[in-house]
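Chain and residue survey
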Amino acid sequence: MNKEWWVAVFVLGIAGLGLLARLPVLQSYLAPVRPYTEREPVAAFFLGVSSGFPYAMIGATLTSRLAQDGIDKKTITAFTLGFLVYNLKPFWAWAVDGVRLPVLGALGQRVSWLIFAGVLVMAAVANLAFVDPKASIGATVAAAVLVGFAGATFDIVIDAYRIETLKPEQLGVGSGMTQYGWRIGSVAAGALALVLAARVGWSWAYLACAVFALPAMVTGLILGEPARHREPVAKRGVDEVVASIVGPFLEFFRRKGAYIVLLFILIHKIGDTLGQIVLRLMLNDHGFTNDEIALYDVGVGFWLYMVGVFVGGILYARMGMKRSVLLSLVLMAVSNAGFALLAGMGHSNGGLAGAIAFEYFASGIGGVTVIAYFSALADLRYTAAQYALISAAASVVGRLLTATTAGALVERFGYVNFYWLTTIVAMPGVLLFWWMSRSGLVDQSIGDAGTREGAADAEAAT
């Protein structure tokens, strides 16, 4: 069964559980499911669907298109520029907080930007649809970067809308639903593009995929402006512009221990990122076939990730933020040790199944708890700008290291020692968060997005 069927089965399963959870006879047994059926987390799911599809358009989908058009591999790698744009989004995220759009602004700051960014993504994808890579590779690169810019802008708005829509106690479950939506949106858009490309061509395939921007836009129109949105207080004229740009960063770095928190954000995922970029190379060198990789990556990995996301939401709600984040960091670090053991085994299907299952389960939990913590760091006056800074910082170091050192480390140490090294590299992030929790810095670093007081203040302001 391919990935598209797994996605369809998963969506139907979630819908079925949502209905079952409302039956009185089953409510006590399905109580953990109930938070996932509340209005705000369901909205987060649809926001995630729209967030995931632009990434797919300039990822594997575009790679397949270029390969089928006969473009050489070295040229295809230039399209990683489209992903780099996502790391640059803090430079314009302030506009989403501080610039009021004409006409659309009547819908509210967040909803108006949600509609504007959605239309921008659709236009960028349509532009990429009509570019011919064989006629002009430069124009295709430019079109891909535009999709990356539009997708990053859409992400800025979606993240801000999600954080401000969810109540503080819903951040864990809401982050989980966003992860579900992102995975399903990216897989579904990629699958639709491949199916349509084989029948009506790549241009029509890309145009059809543009509809994946609609779930977030419709969600914004139905729910309206978030209850917790707070307009930043600023003077008019030049002072207003300066305050919009500088204010979010000044507020964050004025907090006690802000630089330590930023250090944690930068290093917490280095080991995991290093390990994952090399995984396919190791599996290939150990003689695993494409069928074996697909079976365990999709048949095992996809489901264990989804289970991990569900468990992560429950752990966040029941264990609290600090303990659930610390547990997820430990699990993600240990998952790299599983690949070190697999590398020592060689070609072992049982070893691969176990390593993949543990990795995806841990990543699912971490994807919920850590994102929920990062969401709670935001000040509701500057949600878009601050979360853009946090999310960009969370991936930039790992991406730079994987691009510059991962291959060389494998060649020098071999796969077994490399994966033990990535396990060790992950430990500073675990220890730093443990110290932050013991010292009280985690509690002190939280913005009003993660506090009940902040929620009450925002609702009173509206």
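Presented here is a report on the structure given in the accompanying data block. (Residues numbered from 1 in each chain as written. Predicted model: local features only at pLDDT ≥ 70, side-chain atom pairs only at ≥ 80, totals over all residues. Heavy atoms only, no water.)

**Quick word on the overall build of the protein chain**
Check the secondary structure of the protein chain and you find 21 helices and zero strands. A buried classification covers 54% of the 462 residues belonging to the protein chain. Excluding contacts between residues fewer than 6 apart, the proportion of contacts in the protein chain whose partners are at least 24 apart in sequence is 83%. Surface accessibility of the protein chain: about 19900 Å² in total, with carbon and sulfur atoms responsible for 67%. (Helix = DSSP H or I, 4+ residues; strand = E, 2+ residues; numbered from the N terminus. Buried < 20%, exposed > 50% of the residue type's maximum accessible area, 1.4 Å probe, protein only. Contact = heavy atoms within 4.5 Å. Areas by Shrake-Rupley, 256 points an atom, 1.4 Å probe, with all protein chains shown as cover.)

**Quick word on helix H11 (residues 214-223)**
Taken as a whole, H11 has its buried residues at Ala216, Met217, Thr219 and Gly220. Within H11, the buried residues cover an arc of 160° as seen down the axis, which keeps them to one side. Turned more than 90 degrees away from the buried face of H11, the exposed residues are Leu221 and Ile222. The inward-facing, buried residues of H11 abut helix H2 (39-57), helix H7 (109-129) and helix H8 (137-165). Gly224 occupies a position one or two residues after H11 and carries a positive phi of about 80°. (Arc of directions from axis to C-beta.)

**A few points about the environment of Val195**
Within the secondary structure layout, Val195 lies in helix H9 (residues 171-200). Put simply, Val195 and Ala205 are ten residues apart on the chain and 8.0 Å apart in space, counted from C-alpha to C-alpha.

**Side note on the packing of aromatic side chains**
Tallied over the entire structure, the rule returns 17 aromatic pairs. Centre to centre, the rings of Phe45 and Phe46 are 5.3 Å apart; their planes meet at 80°, and the pair counts as edge-to-face. Judged by relative accessible area, which is 16%, Phe45 ranks as buried. With a centroid separation of 5.7 Å and an interplanar angle of 40°, the aromatic rings of Phe339 and Tyr419 are classed as tilted. With a gap of 80 residues between them, Phe339 in helix H16 (residues 321-345) and Tyr419 in helix H19 (residues 406-439) connect regions that are remote in the sequence. Feature note: the residues Phe264, Tyr373, Phe374 and Phe433 constitute an aromatic cluster, connected by ring pairs. (Phe/Tyr/Trp six-rings, centres within 6.5 Å; stacked < 30°, edge-to-face > 60°.)

**A short note on the pattern of salt bridges**
Between side chains of opposite charge, pairing is possible as soon as their charged atoms come close. What the rule picks out here adds up to eight salt bridges. Arg110 is the partner of Glu164 in a salt bridge, and the nearest nitrogen-oxygen pair spans 2.9 Å. Of this pair, Glu164 sits in helix H8 while Arg110 is found in helix H7, placing the two residues 54 residues apart along the sequence. Grouping residues by exposure puts Glu164 and Arg110 together as buried. Each member of the salt-bridge network shares a partner with another, and the members are Arg39, Glu40 and Lys167. (Salt bridge = Lys/Arg side-chain N within 4 Å of Asp/Glu carboxyl O.)

**Remarks on the nonpolar core**
Counting residues in hydrophobic clusters, the biggest one holds 132 residues, and the most contacted among them are Met57, Phe154, Met282, Tyr373, Phe374 and Met436. Considering every element that reaches this core, the biggest residue donor is helix H17 (residues 349-376), with 14 residues. Contacts of Phe374, omitting those with residues within four sequence positions, involve Phe264, Ile265, His268, Tyr387, Ile390 and Ala394. (Core = buried A, V, L, I, M, F, W, Y, C linked by side-chain atoms within 4.5 Å.)

**A few points about the side chain of Asp97**
For Asp97, the position within the fold is in helix H6 (residues 90-98). A residue is classified by how much of its surface remains accessible, and Asp97, at 2% relative accessible area, is buried. A polar contact is formed between the side chain of Asp97 and the backbone nitrogen of Ala384, at a distance of 3.3 Å. (Polar contact = N/O pair within 3.5 Å; in protein donor to acceptor, adjacent residues only side chain to side chain.)

**Considerations on the environment of Arg323**
Residue placement: Arg323 occurs in helix H16. Overall, the relative accessible area of 54% leaves Arg323 in the exposed class. Along the sequence, Arg323 and Trp434 sit 111 residues apart, while their C-alpha atoms lie 9.0 Å from each other.

**Focus: the packing of helix H14 (residues 270-285) against H17**
Viewed as axis vectors pointing N to C, H14 and H17 meet at an angle of 150°, and their least axial separation amounts to 13 Å. Considered as vectors, H14 and H17 are oriented roughly antiparallel to each other. In the packing of H14 onto H17, the handedness of the crossing is left-handed. Residues Asp272, Gln276, Leu279 and Leu283 of H14 form the contact with H17, whose participating residues are Leu352, Ile356, Glu359 and Ser363. Grouping the amino acids of the contact of H14 with H17 by side-chain chemistry returns four nonpolar, two polar and two charged. (Axes fitted to C-alpha atoms, helices over the stretch in contact; angles between N-to-C directions. Parallel < 35°, antiparallel > 145°, perpendicular 65-115°, else oblique. Left-handed = near helix turned anticlockwise from the far one by under 90°. Nonpolar A, V, L, I, M, F, W, Y, C, P; charged D, E, K, R; others polar.)

**A closer look at a nonpolar patch on the surface**
A cluster of nonpolar side chains, Val211, Leu214, Val218 and Ile222, forms an exposed patch at the surface whose accessible area comes to about 350 Å². By secondary structure assignment, the location of Val218 is in helix H11. Note on Val218: relative accessible area 40%, which makes it partly exposed. (Patch = residues over 30% accessible without salt bridge, like charges linked within 9 Å, V, L, I, M, F, W, Y side chains within 5 Å.)

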